[in-house]
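Chain residues, written in single-letter form:
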Amino acid sequence: MTGSDRVSYAAGFVDLDSEVGPLPLEVRGRFPDWLTGTLLRTGPAKFDVGATTVNHWFDGLAMLHRFSFAGGAVTYANRFLNSDSYREAAAKGALARGEFATDPCRTLFQRVAAVFSPQLTDNCNVNVDCFGGEIVALTETTLPVRFDAETLQTLGHYAARGDVGGMVSIAHPHHDAKRGCRFSYVVDLGRRSKYRLFAIPDDGSPERIVAEMPVEKPAYMHSFAMTERYLVLTEFPLVVDPLRLLLCAAPFIRNYRWDPEMGLRFHIFDKDTGQLVVSHVAEAAFAFHHVNAYEDGDEIVLDVITYDDASIIDQLYLSHLRAGETLAATGRLTRYWVPLAADTPVDSNVIADEMLELPRIDYDRVAARPYRYVWCTGRRAGGAFLDMILVFDIIAGETRAWSQDGCFPGEPVFVARPGSETEGDGVLLSVVLDARRGLSFLIVLDALTLEELARAECPHHIPFSFHGNYFPEPTQPAAS
Ligand code: CO
């Protein structure tokens, strides 16, 4: 093994303090002329707060990153998300609110006991989306934060127009172009806990509740699945006794227990009637990310990146990552066939048996429908962390990879070529850390060949982030 194969990825967990831009980046290669929108990303950027260090990757203070494309050129800017959590942490010199795995819930879940004094974290470091025409950063609470897509200025909390309640939510809503809304979900935690699916209309009209389901021990769910007619909650057996959260003895995720006896439960809800169509139990598994799902006759085909158990969460503690430890858990691309009838068992098959994460699809063309291509990050043989970009042709059973020694790419965001109807016709945008040089660059790859089209180097490293989205129109300043 040569040294070049063993460059530590730990540089991706070094704090970034500087805020720059917008400034033009030098481009090597050629960006497509049709690439005229903006990639907006969020991610943890500051892990050391005053004299304290957060426990977990998911707990770093959120920073927004913006890559804006026009005429073959690109500009870059970054700003910390000026959330309540950020301001309070700055003032206190330590985290002030409970995060995913840092600080007891005397902060995070105080709302359970005191509904009118929400102290939920609004450190939105997981994803960027558009709710009712407003660009928002998201985390896994019910406090999305609005920001100006041009200036990255924080504009305050997103004010829901309808009351959907809940405390815990997700940063992976689904967009339903036909119904003109996004679907998302919240959990009410308390003596009578409930899952609640709801819709966020694109036109800014009030959110409406789609379905509710009582639950004794709510599961930690990072995403869910959508087909043309159904919403599917995949309930992993990582569950919490809500009363433990009330006792506030441990940080949020530490209250959750892995209980494989419960199995993996699928709950299928009709989007239009809210009716629970059927529930199924399969063998226990854990996942963060659903890939896609669609109806096929009397069953739902549902693709997920699954782990044998929830130990991946433990491996993402900052102490392990800053030491450059090898991620031992393997997220496999797994297909489930979930029957719409109650008396038929769930079937499953592993499509790809290697470490994969951060999956994306050609969403606007194939979400909730039969599809062909999955893009994700993966771990090369002998690698310690996600160090390549992959495209799976799941119909032909073919795979292609992009990698460069010492480089660690983030989520590959697919951007469709305007006017084309062909799935996969477009490019991938990924922020890559060159760990040897301690710098990040944006790379543009042909989405199907993974051939490099261009790259543009940033003036600093960008700590490993989770998700972002490309907004094809030049973004309008949000109404404040
Ligand atoms: Co995610």
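What you see is a predicted model; the values in this text were computed from it and never measured.

**Student:** I keep staring at the overall build of the protein chain and nothing clicks. Help me out?
**Tutor:** Regarding its fold elements, the protein chain presents six helices and 36 strands. Relative to the globule expectation of 23 Å for 480 residues, the C-alpha radius of gyration of the protein chain, 21 Å, shows essentially globular dimensions. The C-alpha extent of the protein chain, read off along each of the three principal axes, is 55 × 55 × 50 Å. Within the protein chain, the fraction of its 480 residues that count as buried is 61%. Restricting to contacts in the protein chain with at least 6 residues of sequence separation, those with at least 24 account for 60%. Accessible area for the protein chain stands at about 18300 Å²; split by element, carbon and sulfur atoms hold 49% of it.

**Student:** Before we go on, may I ask you to explain the coordination of the cobalt ion in this structure?
**Tutor:** Note on metal geometry: ideal angles are 109.5 degrees for four donors arranged tetrahedrally and 90 or 180 degrees for six donors arranged octahedrally. Ligation of the cobalt ion by protein atoms is provided by H172 (NE2), H222 (NE2), H289 (NE2) and H467 (NE2), these donors lying 2.0 to 2.1 Å from the ion. One can describe the site at the cobalt ion as irregular: its four donor atoms subtend angles covering 92 to 159° at the metal. With a relative accessible area of 6%, H289 lands in the buried category.

**Student:** Explanation requested: the pairing of strand β24 (residues 299-307) in the structure shown.
**Tutor:** A regular strand places its side chains so that they alternate between the two faces of the sheet. Taking burial as the measure, the nine residues of β24 include eight buried ones, the bulk of the element. For strand β23 (residues 286-296) and β24, the ladder comprises eight bridges, and the chain directions are antiparallel. Bridging from a neighbouring strand, F286 pairs with Y307 of β24. A loop of two residues connects β23 with β24, the two strands running antiparallel in sequence, and G297 in this loop sits at a positive phi of about 65°. Looking at chain direction, β24 and strand β25 (residues 332-339) are connected through eight bridges and run antiparallel.

**Student:** I keep staring at the sheet that holds strand β29 (residues 388-393) and nothing clicks. Help me out?
**Tutor:** Sheets are built from strands paired through backbone hydrogen bonds, the pairs being either parallel or antiparallel. With respect to topology, four strands assemble into an open sheet ordered β27-β28-β29-β30, the strand pairing being antiparallel. The sheet is open, and its two borders are formed by β27 (356-360) and β30 (398-402), each paired with just one other strand. On average, each strand axis in the sheet is tilted by 25° relative to the strand beside it, whichever way the strands run. As judged from the three bridges shared by β27 and strand β28 (residues 373-378), these two strands associate in the antiparallel manner. Of the residues in β28, the one forming a bridge with R360 is W375.

**Student:** Would you take a moment to explain the nonpolar core for this structure?
**Tutor:** Considering soluble globular proteins, one finds that nonpolar side chains tend to be buried as a cluster. Within the largest apolar cluster, 87 residues are counted, with the highest numbers of intra-cluster contacts made by W57, Y220, I253, F286, I312 and F385. Ignoring anything within four residues of it in the chain, the contact list for I312 reads F286, F288, Y307, L327, A329 and M355. Grouped together as the second largest cluster of nonpolar side chains are 22 residues, F67, F69, V444 and Y470 included.

**Student:** Would you explain the sheet that holds strand β10 (residues 145-147) in this entry?
**Tutor:** Ordered by their spatial adjacency, four strands build an open sheet running β8-β9-β10-β11, and the pairing between neighbours is antiparallel. The sheet is open, and its two edges are formed by β8 (127-131) and β11 (154-157), each paired on a single side. In this sheet, adjacent strand axes meet at a mean angle of 35° when their direction is disregarded. In terms of strand pairing, strand β9 (residues 134-138) meets β10 through two bridges, oriented antiparallel. Looking at β10, one finds that A137 is bridged to V145.

**Student:** Quick question: what am I supposed to make of unusual backbone geometry here?
**Tutor:** At the junction of G21 and P22, the peptide bond is cis and its omega measures out at 10° in the coordinates. Looking at the secondary structure, you find P22 in the segment before β1 (23-24). Unusually for a residue other than glycine, L152 sits at a positive phi of about 65°. Mapped onto the elements of the fold, L152 is located in the loop between β10 and β11. For L152, a relative accessible area of 2% translates into the label buried. The phi dihedral of L450 is positive, around 60°, even though this residue is not glycine. What makes L450 buried here is its relative accessible area of 4%.

**Student:** Please explain the confidence of the model for the protein chain as it appears in this structure.
**Tutor:** Low pLDDT marks stretches whose predicted atomic positions should not be read closely. Mean pLDDT over the protein chain works out to 91, with 93% of the residues at or above the 70 mark. Below a pLDDT of 50 lies the segment residues 106-118, which in the model reaches 30 contacts outside its immediate sequence neighbourhood of four places, other chains included. Under a pLDDT of 50 for its full length, residues 475-480 has, in the predicted model, 14 contacts with residues more than four places off or in other chains.

**Student:** Please explain the side chain of D129 as it appears in this structure.
**Tutor:** Summarising the element assignment, D129 is placed in strand β8. Here R182 takes part through its side chain, which lies 2.9 Å from a polar atom of the side chain of D129.

**Student:** Looking at this structure, how should I read the side chain of E140?
**Tutor:** Relative to the assigned elements, E140 resides in the loop between β9 and β10. Buried charge without a partner: E140 forms no salt bridge, and the closest opposite charge is R360, 14 Å away. Of the polar contacts made by the side chain of E140, one reaches the side chain of Y220; its length is 2.7 Å. When sequence neighbours within four positions are dropped, the list of residues in contact with E140 reads F100, M167, V168, S169, Y220 and H222.

**Student:** Mind showing me how you'd approach the pattern of salt bridges here?
**Tutor:** Pairing is possible between side chains that carry opposite charge, provided their charged atoms lie close to one another. This model, assessed by the stated rule, comprises 29 salt bridges. Notably, a salt bridge pairs R87 with D84, separated by 2.4 Å at the nearest N-O pair. Pair noted here: R87 and D84 are both in helix α1 (residues 84-92), with a separation of three residues, about one helical turn. Here D272 ties to R179 by a salt bridge, and the two come within 2.9 Å at their closest N and O atoms. Here R179 lies in the loop between β13 (174-176) and β14 (181-188) and D272 lies in the loop between β21 (264-270) and β22 (276-282), a separation of 93 residues in the sequence. Taken together, the shared-partner salt bridges in this structure form one network comprising D176, R179, K271 and D272.

The rules we used
- Residues numbered from 1 in each chain as written.
- Predicted model: local features only at pLDDT ≥ 70, side-chain atom pairs only at ≥ 80, totals over all residues.
- Heavy atoms only, no water.
- Helix = DSSP H or I, 4+ residues; strand = E, 2+ residues; numbered from the N terminus.
- Rg over C-alpha atoms; globule rule 2.2 N^0.38 Å.
- Buried < 20%, exposed > 50% of the residue type's maximum accessible area, 1.4 Å probe, protein only.
- Contact = heavy atoms within 4.5 Å.
- Areas by Shrake-Rupley, 256 points an atom, 1.4 Å probe, with all protein chains shown as cover.
- Donors = N, O, S within 2.8 Å, 3.2 Å for Na, K, Ca; no water.
- Tetrahedral: all angles 85-135°; square planar, octahedral: opposite > 155°, others 65-115°.
- Pairing = 2+ DSSP bridges.
- Axes fitted to C-alpha atoms, helices over the stretch in contact; angles between N-to-C directions.
- Core = buried A, V, L, I, M, F, W, Y, C linked by side-chain atoms within 4.5 Å.
- pLDDT = per-residue confidence, 0-100.
- Polar contact = N/O pair within 3.5 Å; in protein donor to acceptor, adjacent residues only side chain to side chain.
- Lys, Arg positive; Asp, Glu negative; His and termini not counted.
- Salt bridge = Lys/Arg side-chain N within 4 Å of Asp/Glu carboxyl O.

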